[in-house]
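Each chain is listed here by its residues.
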Amino acid sequence: MSGMVLLIPAYEPDERLVHLVARVRTARPDLPVVVVDDGSGPACAHVLAGVAATGATVLRHDRNRGKGRALRTGFAHVRAHHPGAGVVCADCDGQHTVGDVLAVADRAMPGDADVVLGTRLLTGRVPLRSRFGNACTRTAFHLGTGCRIRDTQTGLRAYPAHALAGLLEVRGDRFEYELAALLRAVAEGRTIVEVPIATVYLDGNASSHFRPLVDSARVYAPLLRFAASSLVAFAVDAVALLALVAVTHALLPAVVLARVISSVVNFTANRWWVFRRPQRGRWPQEAARYWALAVVLLAAGYATLWGLTQLGVALLPAKVLTDLLLFVVGFQVQRTAVFVRRRERDARALAVAGPAAAPPAVARRAA
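Residues numbered from 1 in each chain as written. Predicted model: local features only at pLDDT ≥ 70, side-chain atom pairs only at ≥ 80, totals over all residues. Heavy atoms only, no water.

As a further point, take the pairing of strand E2 (residues 33-38). Remark: a regular strand shows side chains that alternate across the two faces of the sheet. Within E2, six of the six residues are buried, which leaves the element mostly enclosed by the surrounding structure. Strand direction decides the pairing type here: strand E1 (residues 4-10) and E2, joined by five bridges, are parallel. From the neighbouring strand, Leu7 faces E2, where its bridge partner is Val34. Note that the unit made of E1, helix H1 (residues 15-27) and E2 has a crossover that is right-handed. As paired elements, E2 and strand E3 (residues 57-61) share five bridges and run parallel to each other. Opposite Val34, over in E3, you have Thr57 as the bridge partner. (Buried < 20%, exposed > 50% of the residue type's maximum accessible area, 1.4 Å probe, protein only. Helix = DSSP H or I, 4+ residues; strand = E, 2+ residues; numbered from the N terminus. Pairing = 2+ DSSP bridges. Right-handed = clockwise from strand over helix to strand, strands pointing away.)

As structure tokens, this is what we get:
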């Protein structure tokens, strides 16, 4: 690696951005700073002029395009103008101290970690919406991936140079981008390291542009679409079963045929809508993996249900617990192994092959 670049996406920033950049430039003059003005408008022109006066590079979007798009603009700029450099990303609202920014950047410098997270301990007077939102996302992330990360919503992150190309391919233009990047890192078996940082909330986090309802929906969209697809498949299965039994008066063939029909609907919905990864000519392989997974989940569901009932758990709660577990497992496996681009699958294969085939890539899994 040849150093780091500080990247700050900024939407309607105030003087705190100027102070942050100036203090970073004073503490680490050799650390280039790139600020992406995400369509802040004329009212913030004096702030961005002050940032430019410190020696930072200011890139501009003609209109607000979202934090994810601003980050990708910055990554592309760094790759073009600072080849071989990694990136440390910070927010523009003064909630990251200079010491923490530099600590996260320094941890990424050796290049042995694919993602370095500045992890807030969330102690003291933390706004309720921030504490609750982080707890929900942290729990959902652990259930969906099996990977424990203390702060999935931190905006202070660092990436080595070799990670930037992949970050340009991550989908999402707004706040969902950072969670999508983290999910991709786990799916590809990347090394994730957490560095404790201070928890700073100014004025009850009033400067945050995060919209709890709209942006939370964006963050959880893939999981919500998967749940909706599963419910639709359940409804199709039930309707088809009733219709087939009424026509054939035979339960077993009706059950089998109804399940085939509902699984085709579910496969199609997941491929085109949930994971949005249709590839021309790839559906036979994806279908084979999908139905192989369905068989495995069916066997696992029976075994789990049998085991729970043998332990004395009543049938209804055992069924609910089993289905919830299989829902989470099914979502994760379909996202990472069934509906997956060849490039992503090859990346995971290299990760499994070990250092001889690729850079170290073992996801951090805290106890």
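Time to look at the pairing of strand E5 (residues 115-120). With six of its six residues buried, E5 lies for the most part within the structure. With burial as the criterion, each face of E5 is covered, one bearing Val115, Leu117 and Thr119 and the other bearing Val116, Gly118 and Arg120. The pairing of E5 with strand E7 (residues 192-197) spans six bridges and is parallel. Bridge pairing in E7 links Thr119 to Pro196. One ladder, built from two bridges, connects E5 with strand E6 (residues 157-159); its direction is antiparallel.

With mixed pairing, seven strands are arranged side by side in an open sheet as E3-E2-E1-E4-E6-E5-E7. Where the open sheet ends on each side, the last strands, each with one partner, are E3 and E7. Neighbouring strand axes in the sheet, compared pairwise and without regard to direction, differ in orientation by 20° on average. Against the sheet, helix H3 (residues 67-81) engages E1, E2, E3, strand E4 (86-89) and E6, with an angle of about 150° to E1. (Axes fitted to C-alpha atoms, helices over the stretch in contact; angles between N-to-C directions. Contact = heavy atoms within 4.5 Å.)

Another aspect to go through is helix H11 (residues 283-310). Along an α-helix, residues three or four positions apart point the same way, because every turn accommodates 3.6 residues. Taking 1.5 Å as the rise per residue, H11 with 28 residues should run 40 Å; its terminal C-alpha atoms sit 40 Å apart, in good agreement. Looking at the buried residues of H11, the elements they touch are helix H10 (251-274) and helix H12 (315-338). Once H11 finishes, Gly312 follows within two positions and takes phi at roughly 100°, a positive value. (Expected span 1.5 Å × (residues − 1).)

The next subject is a nonpolar patch on the surface. A surface patch of nonpolar side chains, amounting to about 730 Å² of accessible area, comprises Val232, Leu252, Val256, Leu257, Val260, Ile261, Val264, Val265 and Trp291. Top element by residues in the nonpolar patch is H10. It accounts for seven residues. Mapped onto the elements of the fold, Val256 is located in helix H10. (Patch = residues over 30% accessible without salt bridge, like charges linked within 9 Å, V, L, I, M, F, W, Y side chains within 5 Å. Areas by Shrake-Rupley, 256 points an atom, 1.4 Å probe, with all protein chains shown as cover. Salt bridge = Lys/Arg side-chain N within 4 Å of Asp/Glu carboxyl O.)

To continue, consider unusual backbone geometry. Although it is not a glycine, Glu12 sits at a positive phi angle of roughly 50°. By secondary structure assignment, the location of Glu12 is in the loop between E1 and H1.

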